[in-house]
Structures are given as structure tokens and as C-alpha cells.
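Structure assessment
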Amino acid sequence: MYTFSSKLKTFSIILMAVGLLGIGYGFLSAPKDIQEVEKILAADAHGSHGAAHEEKAEASHKEAGHHEAAAEASHDSHKGGEHEKVSGADEHEKHLEHVLHQLQNKPWSAVYVACIFFLLLSMGVLAFYAIQQVAQAGWSPVLFRVMQGITAYLPVGSVIFFVLLVLCGLHFNHIFVWLAEGVTDPKHPNYDAIIAGKHGYLNFPFWIVRAAIFLLGWNLYRHFSRKNCLAQDEANDDLNYKKNFKQSAGFLVFFIVSESIMSWDWIMSFDPHWFSTLFAWYVFASFFVSGITTIALVTIYLKSKGYLEYVNTSHIHDLAKFMFGISVFWTYLWFSQFMLIWYANIPEEVTYFVTRIQLYNLPFFGAVVMNFVFPLLILINTDFKRLNWVVVMAGIVILLGHYVDFFNMIMPATVGDKWFIGVPEIASILFFLGLFIFAVFTALTKAPLLAKRNPFIEESKHFHY
């Protein structure tokens, strides 16, 4: 039986505590009104010209004089001029309100990105586990309890994420523009014809019901598959194993459908004017490789502590092959989606990538380096796939790279050009990482780390090539 070390438990609790403090700071430091936004924009403008402070002051003095002259001229002007001035003031106020929403979205978006990343990471592990069950794989049963331990994060992650979705629907934030007031009302100033056309699908009641069905379905499969696996250890026949096989086959059908709709609902709908038929596959590849990478990292950690005696370099090699292969698959999807849209240059489609290249240039192309170039150069070597330190190094880069990938998918639509990796982003990662570690390693203490009565366990124990 695995024992959760006090050092690791303390470390996870510290991560959660520090993360909560940072998240709280992010919400408290967000501007409350447009007056604060004006001060922030003025400070940013001042900072960007700090080297020429005196010239700026002189220019400001001249500009003030110009404004006074303009004010006098406008006082004597006709009503049309007054109307233009008022219209300009209205536009300025709308701009300030838009920036206010972006800055207020920043801590919410940071929490959302980290929350959905760790939730889907555990889902990637659950999908991989189900595939192993249905494929009746002979190499992987010694890793089943590791996979079940990682998916123990799914229930707690689902609850937090569902609450976050409900808060979005209750207008605690503005991260989903299609949830804004009046977007489907032709008489309202916020009316959006494209969003109104999708209202039959993109409406809060239907959206939140879909989320509840998906999260509940995933958690039910996770619960019963683990229950059957544990029961199989004490059984004298393979009835529980056969149950798991059938449930896993049914789950994979449900997963394929729910994963596609989930990617549209929870990520693509941030940009409700844009869509891609490859998007569901793209999101799947991102969290699937993250899940497999996490299996490898947890397995190597447990092995280093003297557990998992039957896990050998061939098992690590197979996990590293999946890390390599799905990284290449993710890149194929990234390039296919990007190249076709960019080359076709249809305005309503290409704007998605124009925004990311212009405003998110470093994270956008950095994700490709972290998720493809680095794994390709490191893991293409067969011998390297058997070296734990190489797999760990590649795994950390892959996980960070796919967090950046989720960041790229969500942030441009919620915070625009007001992004940076600051306290809320780092704190959100720390909190959910701490919670993930605590949930996973607590679950690993609840059952033996070997599924001893699995029909393929002996083959898995002696797996070598």
C-alpha cells in the first residue's frame, strides 16, 4: 500500500494556500470602475514614455492648451459640433467600459484556464484507461491503479468547474460574451445578430444542463470502473472484468460525443463568431497527451519511492511513445487548422489567428515549440524514452506547453491585449496543482497499487521488448 508522505502532503497544502492568496489578490486588485481604468491607462501611457518625461509634460501642457482652445471653440460652435463632442465622449466611455470588463475578466480567466486544464487532464487519463480496457492491452494493467489515482481528481475538479460555469451564467463575470445582457434582443444596444442566430443552442439553461450531463457521465464511469476493478481483486472469476469491458466500450462512445460538444461549449464559444470543424479533435489531442504525460510522471515518482515493483523501463518506454506520438498528432491538427484558415483568408475565420499572432505572438508560437519541437527532438530517440530524467524533463515541458495552449484558446477572447502571466495566472496554477496532488496521492493510499486479478496482469508484469 502506498503511503502519502507528509512532505508531499504539506507541499500540496502550501501550494493551495499560496494559490488562494494569489487568486484573492487578483480579484481584489482588479479595477472596480472606469475611473480606475482611466488611471491605469494613464499610468501605462506614462510608463511607456518614462524616458522622455519632460517632453511628455511639455506635450501635455500644449495639449491642455489645445483642449482649452477646443473647448472655447466648441462653446461657440453650432449644435452639430456639440453632438460630435458628446458622441466622442460616449465612444470614449464605451472604450473604458470595454477595458474595465477585460481587466475584471483577467482573474476569472486565469482561474478558468487552470481549472479546465487540470479537469481535462484527468479526463485524458480516464479516456486512456478506458481505451486500455477495451483494447485488452497486455502491457498496461500494472499502471491501472496509477490511472485510477489520477482520475480521483475528476470529482472535485468537476464540482469546482461546474460552480464556475454557474457563476458565469449568473453574470459574476463577462468572460462569455454570448451570456451578456441583451445580445439576442434586436431592440437592445448589445444586440448581436450572429449570437442571436445561435441562441437555440447557446443559451444558459441548455448550456448548463449539457455541462451537468457530461460531468455526471464522466464521473459515473470513473466510479463504477474503479469499483469493478477493486472487486475483481477479490473475485474468483472474471465477471467484474467483463463488466468493466462493456462499461468502457459504452463510455468511449459517450466520451467521443460529449468531448466534442464540451470543446464547443466550454472553449470555442468564447469566440461565438468563429468556428472550426477540427476544434474538438484539437482540444482532445491537447488534454489527451497531457493526461498520458501525467501518468508517466506519477509512475516515475512512485517508482523512485520504491513502489510499483513490476513497472520496468519497457512500460516507461511505451508511455513515452504515446507522449511522442500524440504530440505529433496535436501538431498535425494545429497546422491543419491554422494553415487552411490562414491560406483561405476568409475574414470571419482568419481573424481568430490574426488576433493571436498580433497580440499573443510569443505564447502562440511558443506553444508549438514546447508541444512539438522539444518533444520531437528529445523523444524521437528510442534510448531516451527509457531514461526517467529525460521523460520527466520532456513531460514538464509538454504540460507547461499545453497549459499555454489552453491559455491561447481562452485569453484572447476574454482579456484581449490586456494579458500577461501575472499573479492571478501563476496563483491559479499553484492552487489547482496543489489540489490535484492532494486528491491524486490521497486516492493512491486507498487501494493496493497492483490490480492483482486482472486477466492480463501476468503479461503486464513480464512485459519486456
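Residues numbered from 1 in each chain as written. Predicted model: local features only at pLDDT ≥ 70, side-chain atom pairs only at ≥ 80, totals over all residues. Heavy atoms only, no water.

Looking at an unreviewed UniProt entry, the chain carries the name Quinol:cytochrome C oxidoreductase, with the source organism given as Flavobacterium hungaricum.

Overview of the pattern of salt bridges
Selection rule: Each salt bridge in this description consists of a side-chain nitrogen of Lys or Arg and a carboxyl oxygen of Asp or Glu lying within 4 Å of one another. Put simply, DSSP H or I for four residues or longer makes a helix, DSSP E for two residues or longer makes a strand, and each gets a number counted from the N terminus. Only protein chains enter the accessibility calculation, which uses a 1.4 Å probe; a residue whose area is less than 20% of its type maximum is buried, one above 50% is exposed, and one in between is partly exposed.
By the definition in use, this model includes seven salt bridges. A salt bridge links D233 to R145; the shortest N-O distance between them is 3.0 Å. Of the two residues, D233 is situated in helix 8 (residues 204-234) and R145 in helix 5 (residues 144-150); the sequence distance between them amounts to 88 residues. With a relative accessible area of 8%, D233 lands in the buried category.

Considerations on the nonpolar core
To keep things clear, this is the line we draw: By convention a nonpolar core is built from buried Ala, Val, Leu, Ile, Met, Phe, Trp, Tyr and Cys residues, the set being connected through side-chain atoms within 4.5 Å. Two residues qualify as a contact provided that any one of their heavy atoms is within 4.5 Å of a heavy atom in the partner residue.
Ranked by size, the top nonpolar core spans 130 residues in total, and within it Y112, W218, W266, F406 and F441 carry the most contacts. Of all the elements, helix 4 (residues 79-135) adds the most residues to this core, at 20 residues. Discounting chain neighbours no more than four positions away, the residues touching F441 are Y2, F4, L8, V298, Y301 and L302.

Focus on a negative patch on the surface
Definition in use: Each patch is built from residues lacking any salt bridge and having more than 30% relative accessible area; the joining distance is 9 Å for like charges and 5 Å for nonpolar side chains (Val, Leu, Ile, Met, Phe, Trp, Tyr). In these tables, accessible area is a Shrake-Rupley quantity obtained with a 1.4 Å probe, and a residue counts as shielded only by the protein chains included in the view. Only four residue types enter the tally: Lys and Arg on the positive side, Asp and Glu on the negative side, with His and both chain ends excluded. A charged residue contributes its charge at one atom only: NZ of Lys, CZ of Arg, CG of Asp or CD of Glu.
A surface patch of negative charge is lined by D90, E91, E93 and E97. With respect to the helices and strands, E91 occurs in helix 4.

Points about the environment of F432
With respect to the secondary-structure elements, F432 resides in helix 15 (residues 423-444). Accessibility expressed as a relative area gives 1% for F432, which makes it buried. Each C-alpha atom of the pair F432 and A114 lies 6.7 Å from the other, and the pair is 318 residues apart in sequence. Setting aside anything within four residues of it in sequence, one finds F432 in contact with V111, A114, C115, F118, Y153 and I160.

What to know about the environment of G434
Secondary-structure assignment places G434 in helix 15. Exposure remark for G434: the relative accessible area of 0% places this residue in the buried category. When the C-alpha positions of G434 and L15 are compared, they lie 4.9 Å apart, and in sequence the two are 419 residues distant. Once residues within four sequence positions are removed from consideration, G434 is found in contact with S12, L15 and M16.

Brief notes about the packing of helix 1 (residues 6-29) against helix 15
Helices that pack against each other are described as a pair by the angle of their axes relative to one another and the distance between those axes. Our working rule: Axis definition: a line fitted to C-alpha atoms, limited for helices to the stretch in contact. Angles are taken between N-to-C directions and run from 0 to 180 degrees. Orientation categories follow fixed angle ranges, with anything under 35 degrees roughly parallel, anything over 145 roughly antiparallel, 65 to 115 roughly perpendicular, and all other angles oblique. A clockwise turn of the near helix away from the far one marks a right-handed crossing, whereas an anticlockwise turn of less than a right angle marks a left-handed crossing. Residue classes follow a fixed rule: Ala, Val, Leu, Ile, Met, Phe, Trp, Tyr, Cys and Pro count as nonpolar, while Asp, Glu, Lys and Arg count as charged, and any other residue, Gly among them, counts as polar.
One can describe the packing of helix 1 onto helix 15 by two numbers: an axis separation of 7 Å at closest approach and a directional angle of 150°. With respect to each other, helix 1 and helix 15 are oriented roughly antiparallel. Considering the relative orientation of helix 1 and helix 15, their crossing is left-handed. Residues that form the contact of helix 1 with helix 15 fall into these classes: 19 nonpolar, six polar and one charged.

Structural notes on the packing of helix 11 (residues 313-344) against helix 14 (residues 388-414)
As a packed pair, helix 11 and helix 14 sit with axes 11 Å apart at the nearest point and diverge in direction by 30°. Relative to helix 14, the element helix 11 is oriented roughly parallel. Note that helix 11 runs across helix 14; the crossing there is left-handed. On the side of helix 11, the interface is formed by I316, A320, M323, S327 and W330, while helix 14 contributes N388, V391, G395, I398, H402 and D405. Its residues assigned to classes, the contact of helix 11 with helix 14 comprises six nonpolar, four polar and one charged.

Focus on unusual backbone geometry
With the exception of glycine, most residues fall at negative phi, and the peptide bonds are largely trans. If you check the backbone angles, H171 has positive phi at about 65° while not being a glycine. Along the chain, H171 falls in the loop between helix 6 (153-169) and helix 7 (193-197). In this structure, L308 is a non-glycine residue whose phi angle is positive, near 55°. Topologically, L308 is positioned in the loop between helix 10 (279-304) and helix 11.

Some points on the packing of aromatic side chains
Convention followed: Any Phe, Tyr or Trp ring, taking Trp's six-membered ring, that has another such ring centre within 6.5 Å forms a pair; planes under 30 degrees apart are called stacked, those over 60 apart edge-to-face, and the others tilted. Only when the NZ atom of a Lys or the CZ atom of an Arg is both within 6 Å of the ring centre and within 35 degrees of the ring normal do we say a charge sits over the ring.
Per the counting criterion, the structure on display carries 57 aromatic pairs. Relative to W207, the ring of W178 has its centre 5.2 Å away and its plane inclined at 85°; by these criteria the two rings are edge-to-face. Residue W178 is found in the loop between helix 6 and helix 7, and its partner W207 is found in helix 8; the two are separated by 29 residues along the sequence. As far as burial versus exposure is concerned, W178 and W207 are alike and both buried. If you follow R210 out to its NZ or CZ, it ends over the ring of Y201, 3.8 Å from the centre. The ring of Y310 carries the charged tip of K461 above its face, separated from the ring centre by 4.6 Å.

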